[in-house]
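Chain by chain, the residues:
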Amino acid sequence: MSPDRLRGDTMTSLSTFCKRFPLDLNSSSNPSDDVFASTRFVLVEPSHPGNVGAAARALKTMGFSRLIVVAPKIAFVTREPEAVAMASGADDVLASAQVVETLADALNGVHWSIALTARSREYGPPQMAPRAAAEKACEFTGQGQGGSPGAIALVFGNERVGLSNEDVERCSALAHIPANPAYSSLNLAQAVALLGRADATPVTTAPASPPSASSDEIEGMYTHLEQALVALDFLDPANPKKLMSRLRRLFSRSGLEHEEVNILRGIAKHILLKIKR
């Protein structure tokens, strides 16, 4: 396979990253099991089976196992011989990978997600360094409902075009691996391994905080809020401009909690009730 087929939105320099963020692969410290169990690695619309298999191998090498593939170009990509060959011993991770239709499906129940992109975006969630984003994500592993670990997700785009603006806006943060401007080339599996290692590196445990809202709860809030703004004639559906994108950016910076989402939905509900009277 040619190098060009492996390059995507996560293109960066491996050597530059390692110099700036040295990682001790022989560290005797072990991160919480919650991090490994609750972290999802999401590949959006991957084109090449070999990349999916190599990503599965990278996950297993770093101690993770949850791989989700969104709308792959080849329907049964995890069964492709090239994927199996590139998995190289991580057949179990590849075989258990979930294939879903949309990113919304992949992020269902997720409390914190990181979009990996090499392109700057005018709108979208706050941008963070990879290590800072991974440390922030680890704070959410204990925030699931009913005492279960809160799920976190690392989202990677298509090899050629990367993540769409809509996909980026669904995530909690945006991360970019520092690159050598003269040669920014890192394939999908290498990016998965680097971010997986950053996520697995032990961090200081943060004080307990109120449960954060999950991705599906936040998306429901946006839908409800948009309906209320349309009803108020504040938002013109025919000419929405960037209002909802700006609101998404605003709320992404705040890190919404479960109860805060309920309050905002309550406000939207009462706006709609008032207007209907």
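Note: the structure precedes this text.
The residue numbering used here restarts from 1 in each chain and proceeds along that chain's sequence as written. Only residues with pLDDT of at least 70 are given local features in this predicted model, and only at 80 or more are side-chain atom pairs given and counted; all residues enter the totals for whole chains, interfaces and linings. Hydrogens and waters are ignored; side-chain quantities use all the structure's heavy atoms.

Asks: How should I be thinking about the environment of Ala118 in this particular structure?
Replies: Numbering of helices and strands runs from the N terminus, with a helix taken as a DSSP run of H or I at least four residues long and a strand as a DSSP run of E at least two residues long. Note on placement: Ala118 falls in the loop between strand E4 (110-116) and strand E5 (127-128). The sequence separation of Ala118 and Pro178 amounts to 60 residues, and the corresponding C-alpha distance is 8.9 Å.

Asks: So what exactly am I meant to see when it comes to a nonpolar patch on the surface here?
Replies: Any residue with relative accessible area above 30% and no salt bridge may belong to a patch, with like charges joined within 9 Å and the nonpolar Val, Leu, Ile, Met, Phe, Trp and Tyr side chains within 5 Å. A 1.4 Å probe and the Shrake-Rupley method give the accessible areas. Residues count as covered only by the protein chains that appear here. One speaks of a salt bridge when a side-chain nitrogen belonging to Lys or Arg is within 4 Å of a carboxyl oxygen belonging to Asp or Glu. Taken together, the side chains of Leu232, Phe234 and Ile275 define a hydrophobic patch exposed on the protein surface, amounting to about 310 Å² of accessible area. Mapped onto the elements, Leu232 comes out in the loop between helix H11 (215-231) and helix H12 (243-254). Relative accessible area decides the class of each residue, using a 1.4 Å probe on protein chains only: under 20% of the type maximum gives buried, over 50% gives exposed, and in between gives partly exposed. Classification of Leu232 by relative accessible area gives partly exposed; the value is 45%.

Asks: Quick question: what am I supposed to make of the pairing of strand E6 (residues 151-156) here?
Replies: Where a strand is regular, its side chains alternate between the two sheet faces. Among the 6 residues of E6, 6 are classified as buried, and the element is accordingly described as predominantly covered. Residues Ala151, Ala153 and Val155 point to one face of E6 and Ile152, Leu154 and Phe156 to the other, with burial holding for every one of them. For two strands to be treated as a pair, DSSP must find at least two bridges joining them. Pairing of strand E1 (residues 39-44) with E6 involves 5 bridges; the strand directions are parallel. For Leu43, the partnering residue across the bridge sits in E6 and is Phe156. Where E4 lies against E6, 6 bridges are found, and the strand directions are parallel. When the bridges of E6 are listed, Val110 appears paired with Ala151.

Asks: How should the sheet that holds strand E3 (residues 98-100) be read in this particular structure?
Replies: To summarise the sheet geometry, strands pair through backbone hydrogen bonds and adopt either a parallel or an antiparallel arrangement. Strand order in this open sheet of 7 strands is E3-E2-E1-E6-E4-E7-E5, and the pairing throughout is parallel. The outermost strands of the open sheet, each flanked by one partner alone, are E3 and E5. The pairing of E4 with strand E7 (residues 173-175) spans 3 bridges and is classified as parallel. Considered in E7, the bridge of Ile114 is made with Ala173. Contacts are assigned to residue pairs that have any heavy atoms within 4.5 Å of one another. Lines fitted to C-alpha atoms define the axes here, with helix axes fitted over just the stretch in contact, and angles between the N-to-C directions of these axes take values from 0 to 180 degrees. In the packing of helix H8 (residues 130-138) onto the sheet, the strands contacted are E4, E5, E6 and E7, and the crossing angle to E4 comes to about 170 degrees.

Asks: Help me understand the pattern of salt bridges, please; the structure alone is not making it clear to me.
Replies: It is possible for side chains of opposite charge to pair when their charged atoms get near one another. Overall, the coordinates contain 4 salt bridges when judged by the stated rule. We note a salt bridge from Lys73 to Glu45, for which the minimum N-O separation is 3.9 Å. Of the two residues, Lys73 sits in the loop between strand E2 (67-70) and helix H5 (81-87) while Glu45 sits in the loop between E1 and helix H4 (49-61), which places them 28 residues apart along the sequence. A relative accessible area of 53% means that Lys73 is categorised as exposed. When the shortest N-O distance is used, the salt bridge between Asp92 and Lys60 registers 3.1 Å. Of this pair, Asp92 sits in helix H6 (residues 91-95) while Lys60 sits in helix H4; the two residues are 32 residues apart in sequence, bridging distant segments of the chain. The exposure class assigned to Asp92 is partly exposed, which follows from its relative accessible area of 45%. Residue Lys60 is classed as partly exposed on the basis of its relative accessible area, which comes to 39%. Salt bridges here are not isolated pairs; linked through shared partners, they connect Arg170, Glu219 and Arg248.

Asks: I'm lost on H8 in this one. Help?
Replies: One turn of an α-helix holds 3.6 residues; hence residues three or four places apart share an orientation. Listed in full, the buried residues belonging to H8 are Pro130, Ala133, Ala134, Ala137 and Cys138. Across the axial projection of H8, the buried residues extend over an arc of 140 degrees, all falling on one side. This arc is taken over the directions from the axis of the helix to the C-beta atoms.

Asks: I'm lost on the nonpolar core in this one. Help?
Replies: In globular proteins that are soluble, nonpolar side chains generally tend to be buried together. If you look at the biggest cluster of nonpolar residues, it comprises 29 residues, and the most contacted ones within it are Phe41, Val52, Leu67, Trp112 and Ile114. Top element by residues in this core is H4. It accounts for 4 residues. Those residues within four positions of Trp112 in sequence are excluded, and the remaining contacts are Met128, Ala133, Lys136, Ala137, Phe140, Ala151, Ile152, Ala153, Ser172 and Ala173. Here the nonpolar core consists of buried residues drawn from Ala, Val, Leu, Ile, Met, Phe, Trp, Tyr and Cys, with membership extended through side-chain atoms lying within 4.5 Å.

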